[in-house]
Amino acid sequence: MPIINKQTQPILLEALEDLMYKVSLELESMKGGPMTHERKALTEKQHLIEKLQHEISVS
């Protein structure tokens with residue numbers, strides 16, 4: 001994992017929060033529907049964003 005500069009860490013986390021919000025809205029619109037390929041891809045993206053947020057916040 002690359003070393004994250006302490007000055008850029010808050011901006012990276014804020015950008016990830018914004019991306020997470022966007023993905024969550026897209027998933028919300030699919031709620032109750034079938035588990036399509038697009039929905040699976042968004043769910044995987046959401047998990048990857050969460051993992052990245054965690055890695056950045058503990059670095």
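So, here is what we can say about the structure in this document. From a predicted model like this one, the values you see are computed outputs, not experimental measurements.

All right, on to the side chain of Q9 then. Assignment of secondary structure puts Q9 in helix α1 (residues 9–29). For Q9, a relative accessible area of 12% gives the class buried. Among the polar contacts made by the side chain of Q9, one reaches the main-chain carbonyl oxygen of I56 at a distance of 2.7 Å. Setting aside residues up to four positions removed in sequence, Q9 forms contacts with I4, I56, S57 and S59.

This part takes up the nonpolar core. Counting nine residues, the largest nonpolar core consists of L13, L16, M20, V23, L27, M30, L42, I49 and I56. The set of elements that each furnish at least two residues to this core consists of α1 and α2 (37–58). Per-element accounting of this core gives the leading share, five residues, to α1. Every residue in contact with M30, bar those within four places of it in the chain, is listed here: E38, R39 and L42.

Within the element layout of this structure, L13 appears in helix α1. Along the primary structure L13 and S57 are separated by 44 residues, whereas in three dimensions their C-alpha atoms are 7.5 Å apart. Dropping the residues within four chain positions of it, L13 is found in contact with Q53, I56 and S57.

Moving on to the environment of I56. Within the secondary structure, I56 sits in helix α2. Between the C-alpha atom of I56 and that of K6, which follows or precedes it by 50 residues, the distance is 9.9 Å.

All right, on to the side chain of Q46 then. Looking at where Q46 falls in the secondary structure, it is placed in helix α2. Residues within four places of Q46 in sequence aside, it is in contact with M20, V23, S24 and L27.

In this section: the packing of α1 against α2. The interhelical angle for the contact between α1 and α2, taken along N-to-C directions, is 160 degrees, at an axis separation of 10 Å. When the interaxial angle is binned, α1 and α2 end up roughly antiparallel. As for how α1 packs across α2, the hand of that crossing is left-handed. Facing Q9, L12, L13, L16, E17, L19, M20, V23, S24, E26 and L27 of α1, the residues of α2 in contact are R39, L42, T43, K45, Q46, I49, E50, L52, Q53, I56 and S57. In the contact of α1 with α2, the residues fall into eleven nonpolar, six polar and five charged.

About the thresholds
- Residues numbered from 1 in each chain as written.
- Predicted model: local features only at pLDDT ≥ 70, side-chain atom pairs only at ≥ 80, totals over all residues.
- Heavy atoms only, no water.
- Helix = DSSP H or I, 4+ residues; strand = E, 2+ residues; numbered from the N terminus.
- Buried < 20%, exposed > 50% of the residue type's maximum accessible area, 1.4 Å probe, protein only.
- Polar contact = N/O pair within 3.5 Å; in protein donor to acceptor, adjacent residues only side chain to side chain.
- Contact = heavy atoms within 4.5 Å.
- Core = buried A, V, L, I, M, F, W, Y, C linked by side-chain atoms within 4.5 Å.
- Axes fitted to C-alpha atoms, helices over the stretch in contact; angles between N-to-C directions.
- Parallel < 35°, antiparallel > 145°, perpendicular 65-115°, else oblique.
- Left-handed = near helix turned anticlockwise from the far one by under 90°.
- Nonpolar A, V, L, I, M, F, W, Y, C, P; charged D, E, K, R; others polar.

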